[in-house]
Amino acid sequence: VYAAVQMVALGTLPGLATSESPLAESALLVAGAWAGLIMTFGAMISILGNAGGTIFAGPRYLYALARDGFGPQVFGRVHPRHRTPAAAIIAQSAIALVLALSGSFVALAMLSIIARLATYIGTVAAVPVLRRRFGDRPGSMQLPGGYIIPIAAFILCIVFLASTTLWNLVAGAVALLIGAVIYHFRRETPSTA
């Protein structure tokens, strides 16, 4: 569906690259003002849903990492009354505020893409390793085509990375370096067994 929407936008909107709201403008050209309004409203709902998911998930990552010994212990604590990771929520909000005030939407979106690509690359690189280690276990999932899907996904991620700016790659590398340092200095956590 997403690819089809993009194809329609590419085929109907001559200035797609310079448009500030390409899907709404494309819908306006194809079906009229009501379609443009629906696309704008749909985009608002999508953005709010994405932001809401990030607001709920982001602090939980900090919380889980801190509970496992990565990062400051304060992020692994929950509020005594509300039972939420309050310090992690405050830290996530502060980081998001600084990023929102310091960069343009496009720059922040590119950084988000770099972060996601780093996650995807790690995931697809892990598939062959996990398949060799655990592929013979009962109930393990077998991808059709063997290693074709993870190799194709890895190549596609590299192609996407190659299309970014040097500044975005440097920012992504700095973030990965910070993550590696945090990982290296993992705290000993009490055994839960």
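This section reports on the structure supplied with the text. Bear in mind that the values here come from a model prediction, so they are computed numbers and not experimental data.

**A word on the overall build of the chain**
The helix and strand tally for the chain stands at 7 helices and 0 strands. For the chain, the succession of helices and strands along the chain, N to C, is α-α-α-α-α-α-α. Its C-alpha atoms give the chain a radius of gyration of 21 Å, clearly above 16 Å, the size a compact globule of 193 residues would have. C-alpha atoms of the chain, sized along the principal axes, occupy 60 × 45 × 35 Å. For the chain, contacts bridging at least 24 residues in sequence account for 45% of all contacts bridging at least 6.

**Looking at the packing of helix H3 (residues 33-67) against helix H4 (residues 86-102)**
Contact geometry of H3 with H4 gives a least axis separation of 8 Å together with a crossing angle of 120 degrees. When the axes of H3 and H4 are compared, the pair comes out oblique. Helix-helix and strand crossings are classified by hand; for H3 and H4 the assignment is right-handed. Across the interface between the two elements, Thr 54, Gly 58, Pro 59, Arg 60, Leu 62 and Tyr 63 of H3 pack against Ala 88, Ile 89, Ala 91 and Gln 92 of H4. Of the residues that constitute the contact of H3 with H4, the class distribution is 6 nonpolar, 3 polar and 1 charged.

**As for the environment of Ile 155**
One can find Ile 155 in helix H6 (residues 148-162). Using a relative accessible area of 49% as the deciding quantity, one classes Ile 155 as partly exposed. The spacing of Ile 155 and Ala 27 is 128 residues in sequence and 33 Å in space, taken between C-alpha atoms.

**Notes on the nonpolar core**
Ile 114, Leu 117, Ile 121, Cys 157 and Leu 161 form the largest nonpolar core, which has 5 residues in total. Listing elements by their share of this core, those giving two or more residues are helix H5 (105-134) and H6. Broken down by element, the residue count for this core peaks at 3 residues, all from H5. Discounting chain neighbours no more than four positions away, the residues touching Ile 121 are Phe 154, Cys 157, Ile 158 and Leu 161.

**Looking at the packing of aromatic side chains**
A complete count under the given rule lists 1 aromatic pair for this structure. Considering the side-chain rings of Phe 70 and Tyr 183, the 5.2 Å spacing of their centres and the 10 degrees angle between planes classify their relative orientation as stacked. In this pair, Phe 70 sits in the loop between H3 and H4 while Tyr 183 sits in helix H7 (residues 166-184), placing the two residues 113 residues apart along the sequence. What makes Tyr 183 exposed here is its relative accessible area of 60%. Sitting over the ring of Tyr 147, Arg 131 keeps its end group 5.4 Å from the ring centre.

Rules used throughout
- Residues numbered from 1 in each chain as written.
- Predicted model: local features only at pLDDT ≥ 70, side-chain atom pairs only at ≥ 80, totals over all residues.
- Heavy atoms only, no water.
- Helix = DSSP H or I, 4+ residues; strand = E, 2+ residues; numbered from the N terminus.
- Rg over C-alpha atoms; globule rule 2.2 N^0.38 Å.
- Contact = heavy atoms within 4.5 Å.
- Axes fitted to C-alpha atoms, helices over the stretch in contact; angles between N-to-C directions.
- Parallel < 35°, antiparallel > 145°, perpendicular 65-115°, else oblique.
- Left-handed = near helix turned anticlockwise from the far one by under 90°.
- Nonpolar A, V, L, I, M, F, W, Y, C, P; charged D, E, K, R; others polar.
- Buried < 20%, exposed > 50% of the residue type's maximum accessible area, 1.4 Å probe, protein only.
- Core = buried A, V, L, I, M, F, W, Y, C linked by side-chain atoms within 4.5 Å.
- Phe/Tyr/Trp six-rings, centres within 6.5 Å; stacked < 30°, edge-to-face > 60°.
- Lys NZ or Arg CZ within 6 Å of the ring centre and 35° of its normal.

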